[in-house]
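Okay, here's what each chain looks like letter by letter:
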Amino acid sequence: MIEKVCKDCYPDEKVRASVRTYGYAWIDGKKVRPRPAKHQGPRCVSHWRDEVKRTKAVNHEKRVQETYGLKEGEYARLHIYQGGLCALCRRATGSSRRLSVDHDHATGEVRGLLCRPCNTLLGHARDKLAFFRRCISYLTFPPCRAMRDGWTDWYADE
């Protein structure tokens, strides 16, 4: 059985042919064994992982450009400008899941990059400032404290 050999580990076709034929090759006076290409395509595990990362990055860049009208590299520049963190919570870095592009649905203007929970919260609030005023009021004067102090109109809107 002929074993596939990683094209990135052995870019020279003569070396790949030698490895396929004899099971090894001589490179710079050293006998080397093949790094098998176990995944789909002609790459070893390490190079396949790198290729998947590269492809994901290219596809993300293209989707951000088409969907939000950002220019090439603008997502990365905005990420750096925000210090590599979510613009609201300042905790999420986007290392495990990319930060979402937050935009105004009425105008389409991009505002910044947010983590999934912050983007969901902002969407749930429907960009209404009154919602966030109520949040501040809730955190400053909780309903339970107001009830215990005998307030009767805690829930009244402004």
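Computed from a predicted structure; not experimentally measured. (Residues numbered from 1 in each chain as written. Predicted model: local features only at pLDDT ≥ 70, side-chain atom pairs only at ≥ 80, totals over all residues. Heavy atoms only, no water.)

We now examine the overall build of the protein. Helix and strand content of the protein: 6 helices and 4 strands. Each helix and strand of the protein, placed in order from N terminus to C terminus, yields the pattern α-β-β-α-α-β-β-α-α-α. Nonlocal contacts in the protein, meaning residues at least 24 apart in sequence, comprise 35% of its contacts between residues at least 6 apart. Total accessible area on the protein is roughly 12000 Å²; 54% of this is exposed by carbon and sulfur atoms. (Helix = DSSP H or I, 4+ residues; strand = E, 2+ residues; numbered from the N terminus. Contact = heavy atoms within 4.5 Å. Areas by Shrake-Rupley, 256 points an atom, 1.4 Å probe, with all protein chains shown as cover.)

This brings us to the nonpolar core. Residues Val64, Leu70, Tyr75, Cys86, Leu99, Val101, Leu113, Leu114, Cys115, Cys118 and Leu122 constitute the largest nonpolar core, which totals 11 residues. Those elements that provide at least two residues to this core are strand 4 (110–114) and helix 4 (116–124). Setting aside residues up to four positions removed in sequence, Val101 forms contacts with Val64, Tyr68, Tyr75, Val110, Gly112 and Leu113. (Core = buried A, V, L, I, M, F, W, Y, C linked by side-chain atoms within 4.5 Å. Buried < 20%, exposed > 50% of the residue type's maximum accessible area, 1.4 Å probe, protein only.)

It is worth spelling out the pairing of strand 3 (residues 100–103) at this point. Taking every second residue as pointing to the same face, both faces of strand 3 are buried, with Ser100 and Asp102 on one and Val101 and His103 on the other. As defined by bridge partners, strand 3 adjoins strand 4 across 4 bridges and the pair is classed as antiparallel. Along strand 4, the bridge assignment pairs Ser100 with Leu114. Hairpin remark: strand 3 followed by strand 4, antiparallel, with 6 residues in the connecting loop; positive phi at Gly108, about 85°. (Pairing = 2+ DSSP bridges.)

Turning our eyes to something else, we now look at the side chain of Asp102. Along the chain, Asp102 falls in strand 3. Under the relative-accessibility criterion, Asp102 is labelled buried at 7%. Aside from chain neighbours lying at most four places away, what touches Asp102 is Glu109, Val110, Arg111, Gly112, Leu114, Asn119 and Leu122.

Of note, Arg90 is a non-glycine position whose phi angle comes to about 60°, a positive value. Relative to the helices and strands, Arg90 resides in the loop between helix 3 (74–81) and strand 3. Here the phi dihedral of Arg126 falls at roughly 55°; this positive angle occurs in a residue that is not glycine. Mapped onto the secondary structure, Arg126 falls in the loop between helix 4 and helix 5 (129–140).

A full pass over the atoms with the stated rule returns 3 salt bridges. Ionic pairing is found between Arg54 and Glu51, a salt bridge with its closest N-O pair at 2.8 Å. Taken together, the residues Arg54 and Glu51, both in helix 2 (residues 45–68) and 3 residues apart, mark about one turn of the helix. Put simply, Arg111 and Asp127 hold a salt bridge, and the shortest N to O gap is 3.4 Å. Here Arg111, found in strand 4, pairs with Asp127, found in the loop between helix 4 and helix 5; they are 16 residues apart in sequence, far enough to count as distant. Overall, the relative accessible area of 39% leaves Arg111 in the partly exposed class. Ionic contacts of the salt-bridge type, sharing partners, join the residues Asp102, Arg111 and Asp127 into one network. (Salt bridge = Lys/Arg side-chain N within 4 Å of Asp/Glu carboxyl O.)

Moving on: the packing of aromatic side chains. In this structure the tally under the stated criterion is 1 aromatic pair. Relative to Phe132, the ring of Phe131 has its centre 5.1 Å away and its plane inclined at 90°; by these criteria the two rings are edge-to-face. When its relative accessible area of 26% is taken as the criterion, Phe132 is described as partly exposed. (Phe/Tyr/Trp six-rings, centres within 6.5 Å; stacked < 30°, edge-to-face > 60°.)

A few words now on the state of the cysteines. The final tally for this structure, using the stated rule, is 0 disulfides. Free cysteine Cys89: the closest other cysteine sulfur is in Cys86, separated by 3.7 Å. Here Cys115 is not cross-linked by a disulfide; its sulfur's nearest cysteine counterpart is in Cys118, at 3.5 Å. (Disulfide = S-S within 2.5 Å.)

Any functional reading would require information that these geometric values do not contain.
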